[in-house]
Every structure is written in C-alpha cells, then in structure tokens.
Amino acid sequence: MTVPTGQPNPTGPLSWPGDLQDATPLPFNVWRVMHQVNGERDAMEVARLARVSLPEVLDAMTQAGRWSGRAAQREQPVTEQALKEIQQCLMVVVGPMGEFMVDDAFEDLGEDNVTLSQLLGHLATQLGESRVQAFVRQLRARGIA
C-alpha cells in the first residue's frame, strides 16, 4: 500500500494508514471503502466507486486508522503497564483470582515474547461468555482492546 498521509484530505489522493495491512480485520463498511483507496484516488472518487457518501469515506478512513492501531497494539509484547491494566480488568470481572489468572496464562504461553493478542485470547478461553463481554468492556474502557 502507500505511505500514510495523516488526516484524510477530500481533495487529494487518499492512502492507507501506515499500520493497516491486507490481513487487518475491518468491518465491512470500512473494508469496502479501503478497497478503493490506492494512493491515487481522491475521496470523491473513492466515494463513487464504493457507492457511499463523502462523509462515510472520511469516517471509514478514520476508523481504518483506529483498527490498524489496535491490530498493531495486539501484536506487540505485553508491557508491564498493560499487564497491570489487564489484571485490574480481570479483578473487576472475576475478583482477586484475576491476578493469578494472568500469572497462569504466562506460564501456559511460555512467558517469552507473549503478545497482547495471545494473552487476551488465552484469558478469554478461561472466562464464560458473559464474563468475556464484561472483560472486553473493561479493556476497551482502558484503551487496551
């Protein structure tokens, strides 16, 4: 793809956000706009090809940036700060056991180079559906997921 240009410019060519990749999961409404973005088309042309309005193109560009940022964050190793936040989120959902669940997850995953995605996925398998939803809400409130 092309080099990012920052904020979408409706009069100039649109480019993908820097972290966005073909494999990044996107909602359909964002994907159908980004499918038309090639670094040469302006927002009006992208809107015409995607059959959406100009504001929808600009919104999709903004959303694509957020989705790509989240995807990049999930593939980075877990930081100490993120670890503390995750433990706090778990403790809200399951109580004091949350702290031990994170330690157990690291042991299960091998402790070295564990990504945020791996850790959260492993923890989610240990929670029931209603608790997973509460956990995700807690993570989103803290900007982690």
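Let me sum up the structure you'll find in this document. Predicted model, so just to flag it, every value in this text is computed and none were measured. Numbers given to residues run from 1 along each chain, matching the order in which its sequence is written. Given that the model is predicted, a residue must reach a pLDDT of at least 70 before its local features are reported, and side-chain atom pairs must reach 80 or more before they are shown or counted; all residues, however, enter totals for whole chains, interfaces and linings. Side-chain numbers here rest on the full set of heavy atoms in the structure, without hydrogens or water.

**Here's the deal with the packing of helix H4 (residues 80-94) against helix H6 (residues 116-125)**
Then, in step 1: The convention used is that axes are lines fitted to C-alpha atoms, helices contributing only their stretch in contact, and that angles between N-to-C directions extend from 0 to 180 degrees. Secondary structure counts use DSSP, requiring at least four H or I residues in a row for a helix and at least two E residues in a row for a strand, with both numbered from the N terminus. The geometry of H4 relative to H6 is characterised by a closest axis approach of 12 Å and an angle of 15° between their N-to-C directions. Here H4 lies roughly parallel to H6, going by the angle between them. Where H4 crosses over H6, the handedness of that crossing is right-handed. Across the interface between the two elements, Leu-83, Ile-86 and Leu-90 of H4 pack against Leu-116, Leu-119, Leu-120 and Leu-123 of H6.
Then, in step 2: Of the residues contributing to the contact of H4 with H6, the split by class is seven nonpolar, no polar and no charged. Roughly parallel here means an angle under 35 degrees, roughly antiparallel means over 145, roughly perpendicular means 65 to 115, and every remaining angle is called oblique. Helix crossings fall into two classes, left-handed where the near helix is turned counterclockwise from the far one by less than a right angle and right-handed where it is turned clockwise. Here a residue-residue contact requires only that any non-hydrogen atoms of the pair lie within 4.5 Å. The nonpolar class holds Ala, Val, Leu, Ile, Met, Phe, Trp, Tyr, Cys and Pro. Asp, Glu, Lys and Arg form the charged class, and all remaining residues, Gly among them, are polar.

**A look at helix H5 (residues 97-109)**
Then, in step 1: In a helix, the anticipated span is given by 1.5 Å times the number of residues less one. Between its first and last C-alpha atoms H5 spans 18 Å; for 13 residues at 1.5 Å apiece the expected length is 18 Å, and the two agree.
Then, in step 2: Classification of residues uses two cut-offs on accessible area relative to the type maximum, computed with a 1.4 Å probe and protein chains only: under 20% is buried, over 50% is exposed, and between them is partly exposed. When H5 is considered as a whole, its buried residues turn out to be Gly-98, Met-101, Val-102, Ala-105 and Phe-106. Projection of H5 onto a plane perpendicular to its axis shows the buried side chains occupying an angular sector of 135°, all on one side. Exposed positions of H5 whose direction lies more than 90 degrees from the buried face are Met-97, Phe-100 and Glu-107. What the arc describes is the spread of directions from the helix axis to the C-beta atoms.

**A word on unusual backbone geometry**
Then, in step 1: The phi torsion at Arg-51 lies on the positive side, around 60°, for a residue other than glycine.
Then, in step 2: As for its placement among the helices and strands, Arg-51 is situated in the loop between helix H2 (43-50) and helix H3 (54-74).
Then, in step 3: Look at Arg-51 and you get exposed, because its relative accessible area is 75%.

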